Amino acid sequence: MTDYKNIVVLTGAGVSAESGLQTFRDNGGLWEGQRVEDVATPEAFAANPAFVQKFYNLRRQQLLTPSVTRNAAHDALAAFEQSFLGEFTLVTQNVDNLHQQAGSKNIFPMHGELLKARCVSCDSVCEWSDDILAESACGHCGCRASLRPHIVWFGEMPLYMSGIEEALERCDLFVSIGTSSVVYPAAGFAQVAHYNGATTVELNLEPSAHGSKFDKAYYGLATQVVPNFFAKL
Ligand code: APR
């Protein structure tokens, strides 16, 4: 078993690609046919809430189709966490629930969760698996037309940052999986971990924007490289 005592794993869209969910930057700059600035900014939501809600309603419906399920990479991470005797923290940029479906426990979904809605009136967050409609009422304050997807849009503060920063300070191994490493602050986590003395590893289909800066790197499909890496750890 490994000598590492405190592991932080960061995942991005690549870990869920083989589950049938499109990544963000592998499709000509479009996410499910849309420009990111048209669907993933507070300005887009303010300008055209119905359009943005419809986009996320479709993403939520897609996530809930039976063919979209966790894959061997999600499973390997959850199994490793269960058997690991040290501290294991999973930070994900993904808004799908596939890590949770696989059984990951200590998880920070820093960009929000598709299966949750947030009330802009009372700021409460609740589980949400249906479409969010103009007439949908907040389960907490009852306010109508106040629900938005519980998604961190560009220009908004990611979630769980203090817990993530604490884990990055303590970690002795940092593993980046399936992310292009272009969106901050997540793109800077490997460097923070490195400055704190951690070994850094990249597992991705191809070298990311910071690929050359990792101590070690293994390239290939997440369903192969992730189980291989954690089996040998
Ligand atoms: N296995 C491993 N890696 C893969 C696979 C696969 N099967 N398929 C694609 N990849 C890699 C790509 O090579 C790419 O480097 O996954 C990465 C996905 O990068 P992005 O599409 O940029 O996704 P991500 O890094 O998660 O995006 C970060 O940007 O749009 C915002 O908020 C959104 O959370 C998202 C953030």
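Residues numbered from 1 in each chain as written. Predicted model: local features only at pLDDT ≥ 70, side-chain atom pairs only at ≥ 80, totals over all residues. Heavy atoms only, no water.

> Tell me about the site of the ligand, and name the residues and values.
In the neighbourhood of the ligand, 22 residues make up the surrounding shell, with A13, F24, R25, T179 and S180 lying closest. Between A222 and the ligand, the recorded distance is 2.8 Å, taken from a backbone N or O atom to a nitrogen atom. Coverage of the ligand by the protein chains reaches 94% of its 730 Å² of free accessible surface. For the shell around the ligand, the residue count by class is eight nonpolar, ten polar and four charged. (Near = heavy atom within 4 Å. Polar contact = N/O pair within 3.5 Å; in protein donor to acceptor, adjacent residues only side chain to side chain. Areas by Shrake-Rupley, 256 points an atom, 1.4 Å probe, with all protein chains shown as cover. Nonpolar A, V, L, I, M, F, W, Y, C, P; charged D, E, K, R; others polar.)

> Just give me the short version of the sheet that holds strand β10 (residues 199–204), but keep the residues and values in it.
Strand order in the open sheet formed by six strands is β5-β4-β1-β9-β10-β11, and the pairing between neighbours is parallel. Every interior strand has two partners, whereas the edge strands, β5 (107–109) and β11 (216–219), have only one. Across the sheet, the mean angle from the axis of one strand to that of its neighbour is 15°, orientation sign disregarded. Sheet topology note: the strand β1 (residues 6–11)/strand β4 (residues 87–92) ladder contains six bridges and is parallel. Paired with L10 across the bridge in β4 is V91. Along the sheet, helix α8 (residues 222–232) contacts β1, β4, β9 (173–177), β10 and β11; its crossing angle with β10, the most-contacted strand, is approximately 150°. (Pairing = 2+ DSSP bridges. Helix = DSSP H or I, 4+ residues; strand = E, 2+ residues; numbered from the N terminus. Axes fitted to C-alpha atoms, helices over the stretch in contact; angles between N-to-C directions. Contact = heavy atoms within 4.5 Å.)

> Go over the packing of aromatic side chains with me, naming the residues and quoting the values.
Under the criterion given, the structure shown has nine aromatic pairs. With a centroid separation of 5.8 Å and an interplanar angle of 55°, the aromatic rings of F80 and F88 are classed as tilted. The class for F88 is buried, based on a relative accessible area of 4%. Between F229 and F230, the aromatic rings sit 5.1 Å apart at their centres with planes inclined by 85°, giving edge-to-face as the arrangement. (Phe/Tyr/Trp six-rings, centres within 6.5 Å; stacked < 30°, edge-to-face > 60°. Buried < 20%, exposed > 50% of the residue type's maximum accessible area, 1.4 Å probe, protein only.)

> Describe the pattern of salt bridges, naming the residues involved and giving the relevant values.
Inspection of the entire model under this criterion finds six salt bridges. With a closest N to O distance of 3.0 Å, R35 and D38 form a salt bridge. You can call R35 partly exposed: its relative accessible area is 44%. Residue classification places D38 among the partly exposed residues on the basis of a relative accessible area of 29%. The partner of R148 in a salt bridge is E156, with the nearest N and O atoms 2.9 Å apart. A relative accessible area of 24% means that E156 is categorised as partly exposed. (Salt bridge = Lys/Arg side-chain N within 4 Å of Asp/Glu carboxyl O.)

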